[in-house]
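Fold and contact review
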Amino acid sequence: MPTNSLHNSAVPSLIGKQTRKNAKPLQKLDKKKKPLVASQLKQLANSHSKNPSQQPATNSQQKTATSNNKNKTSDKTQTSKGYVKIVRELNQPTPKLPRTGKNCFQWMIDPVDEKEFFSTIWEQQPLLISRNDPNYYKKLFSSPIFNNILQKNPIQFTENLDITSYKDGKRETHNPEGRAYPAVVWDYYKNQGCSVRMLNPQTYSTPIWRLCSALQDYFHSFTGCNMYLTPPDSQGFAPHFDDIEAFVLQIEGSKLWKCVCATGNFNQNEIRGPPALTVALQPGDLLYFPRGWVHQAASCDGKHSLHLTISTYQQHSWATLLAAALPTALANIPYMRQGLPRSVFSQSPKELGEAASELLASLPPLDLKVGLDTLARNLLHSSLPPCLSPEEKAQSALTTSSKWGEPGPTFKSTTLIRLVRRHCCRVVNEAGQLRLYHNLANSRVYQEKEPQYVELEADLSEAIHFLNCQYPQWTPISAVPPRGDVEDKVYIANELFKQGILLAKNS
């Protein structure tokens, strides 16, 4: 499963920037329960860069700052050793998990504003959010929920769950064959000090499915989750890097993380110099780090640890897109079809590289449609199905049927429609056959089914693009392009509704 591709040094990684060497003393921000904005983050970074000799705040200084402001509801930002730390004050209300992708992401990284996250943090440096709220992520998952999943579902070792250990510099996987019965799993955990990694909790946990499905719509990239349960004062994995953007949500206990701005998988004695980040996560805390950052984590303070790692952007880069698009795009450029020089095997790779660079520099704008179709088709095959709200179910083919005498919407020109989710489907031309790929019939198991599609007699690209742009607004069927027979539009809308791709309601 590609959710967290551990120990994959063959994939090119985008390394976060390790900046500032000295910590910035905590500063009070009058947030008043609003997300931090870029001007505040950048102001801290700029003021630090102008005073590089400034010393980090001592423990006593930080305690004094907290004591002086203990009655205020402000958050504090610390820029230190190439990462940003946000400290939330106590007694702030715990918000509920929202429904939409954007709001879900904002909830996950609160109090940092999502726009400013992408301008100052994303793919650049780690982010630590210390919330002082042990209940923040509590409704997503817990040890009792995990035990209940083991009892009620045929969880399989290796396919769904790994038993791991990292002791005396040696990383081992201890998976037996067959079903992961609770007694076997807990024996490894309690009596042998092994860590437990569940590879697809979203298959069995509705809250995690809901979160990952919403974030997948937000990122337009497959979003998965791993669960890690670690006994007290132990470690399950060697230092390594992942080819995903990682969001660590601490649920129970405490875990000490060490991150280094480097790429590769290492033995402990190969890690040179101090880590860029060392932090003990507490329940409710979040740690983000970009792909390529070497990291390791161990439970600490005599406590066990349970955390979720939300992962996204695996194989979702310019390199991935161009690898899919270039063969077709280059073949359509006449001078790219010219033969190679007869001396091709006599020239050095450097000489040929210079000649190729000249050709690439003169390229016209590339047609990336084939590459985009490939990425979209792969995403729709891999992605989770949408997690519908009760209201959406009532507007879908799931419950609005004539069965039991409950008629669905009457399809006519004024019937209002919208896509179930933005980019839940895409029209692809495959050797002259038009297919509408979608993820509505996917299961919650990664690629358990073959790619789902509907064969089309007419090109619906313009209509799907229009509905994507309109989402989440409702549109009468008659207003959907292209111009033409309204009866045909009504028929097509009804058919897409039956496939689960559209929601519908009477105006």
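First things first, this report covers the structure right here in the doc. (Residues numbered from 1 in each chain as written. Predicted model: local features only at pLDDT ≥ 70, side-chain atom pairs only at ≥ 80, totals over all residues. Heavy atoms only, no water.)

A closer look at the sheet that holds strand β16 (residues 425-430)
Here 3 strands make up an open sheet; going across it, the order is β16-β17-β18 and the pairing antiparallel. The open sheet has two edge strands, β16 and β18 (452-455), and neither has a second partner. The mean inter-strand angle of the sheet, taken between neighbouring strand axes irrespective of direction, is 30 degrees. Of the pairings in the sheet, the one linking β16 to strand β17 (residues 433-438) comprises 6 bridges and is antiparallel in character. (Pairing = 2+ DSSP bridges. Helix = DSSP H or I, 4+ residues; strand = E, 2+ residues; numbered from the N terminus. Axes fitted to C-alpha atoms, helices over the stretch in contact; angles between N-to-C directions.)

With respect to the pairing of strand β3 (residues 83-87)
With 4 of 5 residues buried, β3 is to be regarded as a mostly interior element. Bridge count for β3 against strand β4 (residues 127-130) is 4 bridges, and the pairing is parallel. From the neighbouring strand, Ile 86 faces β4, where its bridge partner is Ile 129. (Buried < 20%, exposed > 50% of the residue type's maximum accessible area, 1.4 Å probe, protein only.)

Looking at the packing of aromatic side chains
For any two aromatic rings, the description comes down to two numbers: the centre-to-centre distance and the angle of the planes. Using the criterion set out here, one finds 29 aromatic pairs in the structure. Aromatic pair Trp 107 and Tyr 136: ring centres 5.4 Å apart, planes at 15 degrees, arrangement stacked. Of the two residues, Trp 107 is situated in helix α3 (residues 101-109) and Tyr 136 in the loop between β4 and α5 (143-152); the sequence distance between them amounts to 29 residues. The two residues Trp 107 and Tyr 136 agree in class, both being buried. Geometrically, the ring pair formed by Trp 257 and Phe 289 is tilted, given 5.9 Å between the ring centres and 45 degrees between the ring planes. Taken together, the positions of Trp 257 in strand β10 (residues 255-260) and Phe 289 in strand β12 (residues 286-289) put the pair 32 residues apart, joining distant regions of the chain. Chaining the aromatic ring pairs together yields one cluster made of Phe 105, Phe 117, Phe 118, Trp 122, Tyr 218, Phe 219, Phe 247, Tyr 288 and Tyr 313. Directly above the ring of Tyr 136 sits Arg 131, whose terminal nitrogen or CZ lies 3.9 Å from the centroid. (Phe/Tyr/Trp six-rings, centres within 6.5 Å; stacked < 30°, edge-to-face > 60°. Lys NZ or Arg CZ within 6 Å of the ring centre and 35° of its normal.)

Some words on the nonpolar core
In terms of nonpolar packing, the biggest core is built from 54 residues, with Met 108, Phe 117, Phe 146, Leu 161 and Phe 247 touching the most fellow members. Among the elements that take part in this core, helix α7 (residues 206-219) stands out by supplying 7 residues, more than any other. Aside from chain neighbours lying at most four places away, what touches Leu 161 is Phe 146, Leu 150, Ile 155, Gln 156, Asn 175, Ala 180, Val 185, Val 196, Arg 197, Met 198 and Leu 199. Core analysis: the next-biggest nonpolar cluster, separate from the first, contains 24 residues, Leu 419, Cys 424, Val 427 and Leu 467 among them. (Core = buried A, V, L, I, M, F, W, Y, C linked by side-chain atoms within 4.5 Å. Contact = heavy atoms within 4.5 Å.)

Thoughts on helix α10 (residues 369-382)
Here α10 contains 14 residues, and its C-alpha end-to-end distance of 20 Å stays within 8% of the 20 Å for a straight helix at 1.5 Å per residue. Residues Gly 371, Asp 373, Thr 374, Leu 375, Ala 376, Leu 380, His 381 and Ser 382 constitute the buried set of α10. Each element contacted by the buried residues of α10 is listed here: α8 (318-331), β16 and β17. (Expected span 1.5 Å × (residues − 1).)

Description of the pairing of strand β6 (residues 170-173)
The sheet contact formed by strand β5 (residues 161-167) and β6 spans 4 bridges and is antiparallel. Its bridge partner being in β6, Tyr 166 is matched across the sheet by Arg 171. Where β5 folds back on β6, the antiparallel hairpin that results is connected by 2 residues, among which Asp 168 adopts a positive phi of roughly 55 degrees.

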